[in-house]
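Each chain, letter by letter, is given below.
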Amino acid sequence: MADYNPMFSESDINEALDTLVSVHDWLRFAVSRFNEAGVYLGHGTDNPWDEAAALLAHCLFLPPLTDDKLLGVRLTRPERRAFIDLLAQRIELRMPAAYLTHQAYFCQLPFYVDQRVLVPRSPIAELINEKFSRFELAAPPERILDLCTGSGCIAIACAYAFPEAQVDAVDISPDALAVADININEHGLLDRVYPILSDGYDALTGQQYDLIVTNPPYVDADDMADLPEEYRHEPELGLASGHDGLELTRRILAQAAAHLTEQGYLICEVGNSMVELQDRYPDVQFNWLEFTAGGLGVFALSKAQLIAYQHLFEES
């Protein structure tokens, strides 16, 4: 791990505890320290202010700090100490904030997370919030598959979006499914969201879905070697997918049609590996989706399209 310097000295801590009082004071202090240390952002937040706010809200036992009226609120000395200790961990360990607080938000819903799963951050959230309205679904989906579910955030968010749907939450990792099970219980969805241990579709023989949503591992070997330290805390199984980043995606494409109903769709995220995917399948008309909140590398294919391109996917 790189040599980071500014773990706070006791004199630094005491000065901060004595002079910084309000929420605004401490957020400003945290942003300055994050910038000074060069922490990497991208696990649910894209700027140091929001990263600091997530940590401070945790220390104060508050929901996300979205109300400016809170900026002038004074912190007790124990609250200040708890926050500066958390800042020190974030900077020295390069640990994503969500792993320190064990909470992340996806589709405005809270989820328990730890180092057994990736921190939720997929642009697919925007599609779920829209209830996939940009696609020509024959009817609200009754059966949904979240393949590579991790924390279960996509599966659970889909269950909220479609209250009549059954959702299968599939992952190859028993550890990830244990986290997903925590979240399924916390959201009271035991009767509609089902965690399933499976390597891809292997345990789903004969099962068909109106919608397959998947955020599989898609980081190629070169990018894995260059990941910022924050990503080293995440499970490699959830990130790496062979030399080209498409090892699992190729399997998903080749087998998706068999697991979709006639009007079904596959929604798949491949991130930066979209360039490699397009190069590998130049004749496939991927529907690359655009997002108002940012994000790229998510495509949609209907069952009819998947069948039309089946020979190309099976050859790869």
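Anyway, here's the lowdown on the structure attached to this text. (Residues numbered from 1 in each chain as written. Predicted model: local features only at pLDDT ≥ 70, side-chain atom pairs only at ≥ 80, totals over all residues. Heavy atoms only, no water.)

Turning to its location among the elements, alanine 157 is positioned in helix H7 (residues 153-161). Using a relative accessible area of 3% as the deciding quantity, one classes alanine 157 as buried. For the pair formed by alanine 157 and glutamine 115, sequence separation is 42 residues and the distance between their alpha carbons is 21 Å. Contacts of alanine 157, omitting those with residues within four sequence positions, involve Phe106, Cys107, Leu109 and Ile128. (Helix = DSSP H or I, 4+ residues; strand = E, 2+ residues; numbered from the N terminus. Buried < 20%, exposed > 50% of the residue type's maximum accessible area, 1.4 Å probe, protein only. Contact = heavy atoms within 4.5 Å.)

This part covers the packing of helix H2 (residues 23-37) against helix H4 (residues 77-93). Axis separation between H2 and H4 bottoms out at 11 Å; the angle between their running directions is 15 degrees. The angle between H2 and H4 places the two elements in the roughly parallel class. Where H2 crosses over H4, the handedness of that crossing is right-handed. Contact residues: Trp26, Phe29, Ala30, Arg33, Phe34 and Ala37 in H2; Arg80, Phe83, Ile84, Leu87, Arg90 and Ile91 in H4. Grouping the constituent residues of the contact of H2 with H4 by class yields nine nonpolar, no polar and three charged. (Axes fitted to C-alpha atoms, helices over the stretch in contact; angles between N-to-C directions. Parallel < 35°, antiparallel > 145°, perpendicular 65-115°, else oblique. Left-handed = near helix turned anticlockwise from the far one by under 90°. Nonpolar A, V, L, I, M, F, W, Y, C, P; charged D, E, K, R; others polar.)

This paragraph deals with the environment of glutamine 89. Within the secondary structure, glutamine 89 sits in helix H4. Contact partners of glutamine 89, with chain neighbours within four places excluded, come to Arg94, Met95 and Leu100.

A full pass over the atoms with the stated rule returns 17 salt bridges. Within the structure, one salt-bridge network assembled from shared partners comprises Glu51, Arg90, Arg94 and Glu230. (Salt bridge = Lys/Arg side-chain N within 4 Å of Asp/Glu carboxyl O.)

Interpretation note: all reported values are geometric properties and have no functional meaning in isolation.
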